[in-house]
Amino acid sequence: MEKKVLKVNGVPKTVIANPEASLADVLREQLGITGVKVGCGTAHCGCCSVIMDGKLTKACVTKMSKVEDGAMVTTVEGIGGTAIGRAVQDAWVALNVPQCGYCQSGQVMAAAALLSARPLPDDDDIDAAMSGNICRCGTYPRIFAAAREAAGTKMADNVDVVPYDAI
């Protein structure tokens, strides 16, 4: 077991974990941060995504042995504390992006990471950044539109966004 202090969503947290434990399990089980989801467990679906030390990270395959003492970890619970994160969350709400919602924390984190690295992404940038996230409900047009909205660009003309109350 190893003891580490992580700065999670801006708050120092002490964890004691097996070096082979995943960051996702530590966040969920020790710290109660349930916005970090574990879907595939192989870094393919993206629902476990967090931002660690400024980089989008798949927490389900990130072993605690690879997490530095003092690492800064931002989850969907804390991303709204940044201007970019708030813009992403606001766009997700405005465009009614989630359906079942399971993947959405990872989607939001991927969009926030993209916009932090590239504030005015083009469509190819958005496609590339969001390609590491799977949405079983198929809300990709809304996800794409919300990423563009958060970046302050106009939505694509071919994106049909249907509010939930109209369904």
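Here, the structure is the one placed above.
All values derive from a computational prediction rather than experimental measurement.

Draft legend 1. Focus on helix 4 (residues 104–117). In this model helix 4 runs 20 Å from its N-terminal to its C-terminal C-alpha over 14 residues, within 8% of the 20 Å that 1.5 Å per residue would give. Buried residues dominate helix 4, accounting for 12 of its 14 residues. Among the residues making up helix 4, those that are buried are Q104, S105, G106, Q107, V108, M109, A110, A111, A112, A113, L114 and L115.

Draft legend 2. Main features of the pattern of salt bridges. What the rule picks out here adds up to 4 salt bridges. A salt bridge links E2 to K4, with the nearest nitrogen and oxygen atoms 3.5 Å apart. The class of K4 is buried, set by a relative accessible area of 9%. Of the charged contacts, one joins D125 and R118 as a salt bridge, the two residues approaching to 2.4 Å between their closest N and O atoms. For R118, a relative accessible area of 41% puts it in the partly exposed group.

Draft legend 3. Geometry of the side chain of Q104. Considering the arrangement of structural elements, one finds Q104 in helix 4. Q104 sits in the buried class, given a relative accessible area of 6%. In contact with Q104, not counting residues within four places along its chain, are W92, V97, P98, C135, T139 and I143.

Draft legend 4. Just the layout of surface pockets, in detail. Quantified by volume, the largest pocket comes out at close to 160 Å³. Contributing to the lining of the largest pocket are G39, C40, C45, C47, C100, Y102, C103, I134, C135 and R136. For the lining of the largest pocket, the class distribution of residues is 8 nonpolar, 1 polar and 1 charged.

Draft legend 5. Local environment of the packing of helix 4 against helix 5 (residues 123–130). Put simply, helix 4 and helix 5 touch, their axes get as near as 9 Å, and they point 135° apart. Between helix 4 and helix 5, the interaxial angle falls into the category oblique. Crossing geometry of helix 4 relative to helix 5 is assigned as right-handed. For the pair helix 4 and helix 5, contact is made by Q107, A110, A111 and L114 and by D125, I126, A129 and M130, respectively. Residue composition of the contact of helix 4 with helix 5, grouped by class: 6 nonpolar, 1 polar and 1 charged.

Draft legend 6. Expanded view of the nonpolar core. Within the largest apolar cluster, 27 residues are counted, with the highest numbers of intra-cluster contacts made by I79, V88 and W92. If you tally residues by element for this core, the top one is helix 4, at 8 residues. Once residues within four sequence positions are removed from consideration, I79 is found in contact with I51, T74, G85, R86, Q89, V108, M109 and A112. If you look at the next biggest cluster of nonpolar residues, it comprises 19 residues, including A17, L23, V26 and I33.

Draft legend 7. Expanded view of the environment of G85. Among the secondary structure elements, G85 is positioned in helix 3 (residues 83–94). With a relative accessible area of 0%, G85 lands in the buried category. With sequence-adjacent residues up to four places away left out, G85 is seen in contact with I79 and G80.

Draft legend 8. Region of interest: the sheet that holds strand 2 (residues 11–17). As summarised here, the arrangement of the 5 strands in space is 2-1-5-3-4, forming an open sheet in which the pairing is mixed. Looking at the sheet topology across the chains shown, the edges are occupied by strand 2 and strand 4 (55–58). Averaged over all pairs of adjacent strands, the angle between their axes in this sheet comes to 40°, without regard to strand direction. Bridge count between strand 1 (residues 2–8) and strand 2: 7 bridges; the pairing is antiparallel. Within the sheet, the bridge partner assigned to K3 lies in strand 2 and is I16. Here helix 1 (residues 23–30) sits on the sheet and contacts strand 1, strand 2, strand 3 (49–52) and strand 5 (72–74); the angle it forms with strand 2, its principal contact strand, is near 110°. Across the face of the sheet, helix 4 comes into contact with strand 3, strand 4 and strand 5 while running at roughly 35° to strand 3.

Definitions and limits used
- Residues numbered from 1 in each chain as written.
- Predicted model: local features only at pLDDT ≥ 70, side-chain atom pairs only at ≥ 80, totals over all residues.
- Heavy atoms only, no water.
- Helix = DSSP H or I, 4+ residues; strand = E, 2+ residues; numbered from the N terminus.
- Expected span 1.5 Å × (residues − 1).
- Buried < 20%, exposed > 50% of the residue type's maximum accessible area, 1.4 Å probe, protein only.
- Salt bridge = Lys/Arg side-chain N within 4 Å of Asp/Glu carboxyl O.
- Contact = heavy atoms within 4.5 Å.
- 1 Å grid on protein atoms, 1.4 Å probe; cavity = no way out; pocket = protein on both sides within 12 Å on 5 of 7 lines; lining within 4 Å.
- Points joined across faces, edges and corners; volume = space filled by probe spheres on them.
- Nonpolar A, V, L, I, M, F, W, Y, C, P; charged D, E, K, R; others polar.
- Axes fitted to C-alpha atoms, helices over the stretch in contact; angles between N-to-C directions.
- Parallel < 35°, antiparallel > 145°, perpendicular 65-115°, else oblique.
- Left-handed = near helix turned anticlockwise from the far one by under 90°.
- Core = buried A, V, L, I, M, F, W, Y, C linked by side-chain atoms within 4.5 Å.
- Pairing = 2+ DSSP bridges.

The quantities given are spatial measurements derived from coordinates; they are silent on function.
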